[in-house]
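# Geometric and topological summary
These are the residues of each chain, in order.
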Amino acid sequence: MKAFRIVIAILLFVIPIGARTLWFYQGVYQRSAPVITPDYSSLTVPQPLLSTPISDKSISYPMAPIVLFDVNHIDLYLFSEIKPLTDALSTLGASVRITDDNILLSEQLKQANAYVVIAPVVPFNPLEVTAIQDFVHRGGRLLVISDPTRNTLSTSSTLPTFVQPVDIANFILEPFGITFNNDYVYNLVENEANFRNIILKDFGKHSISEGLTEIVLYGAHSIKTAQTPVFTADPDTLSSLTDKGGNVVLAATGADGNVLAIGDFSFMTAPFIEVADNQILVKNISRFLLSGTRTHDLTDYPYLFSHPATFLVKDSSTSDRETVNMMGTLQKGLALLNISFSIANKPQEGKDLIVTSTFKKADEIKEYTKSFNLSFSTEPLPTAEPEGAAVQLSELAKPTPTPIGTETLFPFPVIEPTPSTRLVVNLPGFGKVSTVGTGVILYLPSPERNTLILFAENSQALLEFAGIISSGSLSGCMIQQDIALCPLTPADSGSSGTNRFP
Amino acid sequence: MIAAAPSKKWGTGALLLFIVLPLIAGILLSLLVPRPIIGIIYLNDAIYSNTAQEMITQIIYAREHAEVRAVILVLNSPGGTVTDTESVYMELARLRQNKPVITMIEGMAASGAYYISSGTDYILAKPSSEVGNVGVIGYMPSPPTIYEEVYSTGPYKLWGSPRDTFMREMEMMKGGFLKAVLLGRGQALKVPSEVVLRGQIWPGTEALRMGLIDELGTQSRAYEKAAQLARITHAKVEDLRTLAGIPSIVPASFFMLTEDGKSTSYPKEPGIYYLYIPPMEKQP
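Here's what I pulled together on the structure shown here. (Residues numbered from 1 in each chain as written. Chains lettered and ligands numbered in written order. Predicted model: local features only at pLDDT ≥ 70, side-chain atom pairs only at ≥ 80, totals over all residues.)

### Focus: the sheet that holds strand 8 (residues 185–187) of chain A
All names here are of chain A. Stated precisely, the cut-off is as follows: Paired strands, in this sense, are two strands between which DSSP finds at least two bridges. Secondary structure elements follow DSSP: runs of H or I of four or more residues count as helices, runs of E of two or more count as strands, with numbering from the N terminus.
Pairing in this open sheet of 3 strands is antiparallel, and the strands run 8-13-14 from one edge to the other. The sheet terminates laterally at strand 8 and strand 14 (244–245), the two strands that pair on one side only. Sheet analysis places strand 8 next to strand 13 (residues 237–239), joined by 3 bridges and oriented antiparallel. Looking at strand 13, one finds that V185 is bridged to S239.

### Quick word on the sheet that holds strand 21 (residues 421–427) of chain A
Hydrogen bonds along the backbone pair up the strands of a sheet, which may run parallel or antiparallel. All names here are of chain A. Stated formally: What counts as an axis is a line fitted to C-alpha atoms, over the stretch in contact for a helix, and the angles between N-to-C directions run from 0 to 180 degrees.
Judged by pairing direction, the sheet is antiparallel, and its 3 strands sit side by side in the order 20-21-22 without closing on themselves. In the strand order of this sheet, the two ends are held by strand 20 (375–380) and strand 22 (431–434), each with one partner. Averaged over all pairs of adjacent strands, the angle between strand axes in this sheet comes to 40°, irrespective of strand direction. Across 6 bridges, the pairing between strand 20 and strand 21 is antiparallel. Each residue of the ladder has a partner; that of F376, found in strand 21, is V425.

### Considering the interface of chain B and chain A
Applied cut-off: Contacts here follow a simple rule: the backbone-placed C-beta atoms of the two residues must lie within 7 Å. Three residue categories are used. Nonpolar comprises Ala, Val, Leu, Ile, Met, Phe, Trp, Tyr, Cys and Pro, charged comprises Asp, Glu, Lys and Arg, and polar comprises the others, including Gly.
With 47 residues of chain B at the interface, the matching set in chain A holds 42 residues. Listing elements by their share of the side of chain B that touches chain A, those giving two or more residues are helix 1 (4–30), helix 3 (82–96) and helix 5 (163–185) of chain B. If you tally residues by element for the side of chain B that touches chain A, the top one is helix 5 of chain B, at 11 residues. In terms of residue class, the side of chain B that touches chain A is built from 22 nonpolar, 10 polar and 15 charged.

### Concerning the nonpolar core
For clarity, the threshold we go by: Connectivity within a nonpolar core runs through C-beta atoms within 7 Å, and the core itself is a set of buried Ala, Val, Leu, Ile, Met, Phe, Trp, Tyr and Cys residues. Exposed residues have 12 or fewer other C-beta atoms within 10 Å of their own C-beta, buried residues have 20 or more, and residues in between are partly exposed; the C-beta atoms are placed from the backbone.
With 78 residues, the main nonpolar core has V67, Y115, V216, L250, A251 and A261 of chain A as its most contacted residues. Examining the composition of this core, we find that 6 residues originate from one element, helix 6 (residues 278–290) of chain A, more than from any other. Excluding its chain neighbours within four sequence positions, the residues that come into contact with V216 of chain A are P48, E192, N197, I198, I199, F267, F272, V275, A276 and N278 of chain A. Of all hydrophobic cores here, the second largest spans 72 residues; its members include Y122, V136, F177 and L208 of chain B.

### Description of the pairing of strand 16 (residues 259–262) of chain A
All names here are of chain A. Neither face of strand 16 is exposed, since V259 and A261 on one face and L260 and I262 on the opposite face are all buried. Bridge analysis of strand 4 (residues 141–145) against strand 16 gives 4 bridges, and the strand direction is parallel. Considered in strand 16, the bridge of L142 is made with V259. Counting the residues in the hairpin turn of strand 15 (residues 249–254) and strand 16 gives 4 residues, including A255, whose phi is positive at 50°.

### Let's talk about helix 10 (residues 459–470) of chain A
All names here are of chain A. In plain terms, the rule: By this rule the span expected of a helix is its residue count minus one, scaled by 1.5 Å.
The terminal C-alpha atoms of helix 10 lie 16 Å apart, and with 12 residues this matches the ideal 16 Å at 1.5 Å per residue to within 8%. Those residues of helix 10 that fall on the buried side of the exposure criterion are Q460, A461, L462, L463, E464, F465, A466, G467, I468, I469 and S470. G472 sits one or two residues past helix 10 and shows a positive phi near 85°.

### Some details on the packing of helix 2 (residues 49–64) of chain B against helix 3 of chain B
Residue and element names in this part refer to chain B. Threshold: Put simply, angles under 35 degrees are roughly parallel, angles over 145 are roughly antiparallel, angles from 65 to 115 are roughly perpendicular, and the rest are oblique.
Orientation of helix 2 relative to helix 3, taken along the N-to-C sense of each, is 5°, at an axis distance of 9 Å. Comparing their axes, helix 3 and helix 2 come out roughly parallel. Of the residues in helix 3, those touching helix 2 at S49, A52, M55, I56, I59, I60, A62 and R63 are D84, S87, V88, E91, L92, R94 and L95.

Structural data, given as structure tokens:
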């Protein structure tokens, strides 16, 4: 009986505890699987494949080719950042210049062999675009780099706001069939430490990709081009515009290989220049910039010489006072353009040539002028023309039809005009031009040497002419490709050319 | 007759001794069996030193108090600093050894907040909650230089590390983030790592399809789920902040402030973050 009571007591004691426990707890929590966290100690910092600096043999030229870097369009780079490229260019003998805001771009491009534009944010004006196109069409090399990480930053607001400069770069690239896409490319499968750092291993056959096995671009725009691309990314590289890959182009050429567009700038800056074959790529770019076949015509004056200039003095001729004066004037003028000047009786190897002659002695230098198809004739002196007036350039610009059979054409030798006639020169593209009060410049470029030929009525006029061209500008002259006509003081006007150009 | 029989049998003393006293003692002692608590940890800010420390205090409280049988993280956060996120994540891992932890995503669990979520046992979100943004973000430090007035004993004493090391360390941290997601979600994750690492923010509905969360639901559903996992019923839902006695202090803002005192989405201090930073405004 007592035991029964004890059991009852225990039960009554336990039941409330058990009931409350069961009311709240239906079992004991046990994890089905252990908690696993990342093994942080196994995580490592990815390191790139570094390359050692490449040394190139220095090259020097008699006149260093000029590579002009644009800084007039708020280009978002520091000159110190392009040191790997400028060093490579200097090693190859180039002279690196930056644009001058006070001089028209077209004037600056006259002397340049290559023009480099990096991440501009101020638009190019139509005149500049035309000048660039003209530059490229005459063999100048154009490198345009845009980079999605190079954006303009507005300080007008507390929060920074971005504007993409691709449109500005495209403004100069579109005429050559190349445009940057307003995107960035990325690769989540294989990259160099970050999804936006693209590893490239497949290269088109192009001098830019010579010697490359792997390069890395650090944040790049893709490029739209109908021409053969230089760099194409693998299918895992996607454009942020579409999040799709395949044929993502990151560098392309246009205009017969004279234009190179690259969608990244960072790869050529420290420390990324040292990754993979990026150094080789920069070397290749520098070679690209210097390997153009830059052709000049007289619109590029005074930047026509690529070597020191030689003034041709024929053994048969005697230098008079005017000739000596003219040579001195030319020497002084060319020195200002950093062109050394010497005298020789025949063309010198590795030197450009300046040849002068009066129209009457044109046959003495016909070996230099034959490609211009000059011909001379005489015609009666016009009665209405004011005495001594120079030929108006506006008239000269209109080709004068030469009636066949009405006069005698004689290429060489030049026939002396009679007192009632005057000597006229028939210039292709210009028609007939009076030799009185007119100077003619012929420019004959060739791989061996560039030749500048000056014609004037007499030695006085040649001296005046030398003064004009020594001024470094042909602004008063009518220029058509390789021929220019300049107004001079006519011999019988009573004024002396030496007074104008002492 | 029937009622009188026991009293005759037991007597008053025996009744008290064997019936009433044990019952009262049992009832009183049963009150010592604690009502289970589902502790709530709210995070309505970025994860940085202040908020992380508060969360850790609450996690430790939950771990050390037996009555707290489950914890629910109620998140509305864009993430925060890497270190603070990892601190919270690792404390949660210790808590989870013994107690289930549920995540309830309210407005947003982006970046570091999702990192923390991935280390919980079950994730609920609203259909339009913003989920994901897996990855690391940071501002590149300035290029190393030297100053006339500042002397240090090594090239990176002042700058910490070379600039590109910063980028590479971020990649390493991204690897840690990804591993946390892969380990946390396990078989539930239905998309490859490349997709997760896109850094995209998905709405709750899409996050469910991808396996980044387990269910679309409300806080009350989170309570049910927590109770179910912890095998408890009739639990109290308590704010662990109150239980842990964390004072309500308005901390200094983690984010940059505008001139008129409004908070932006950009952290005040440069660094590496598991943080969602909304796109910058377009220039007018």
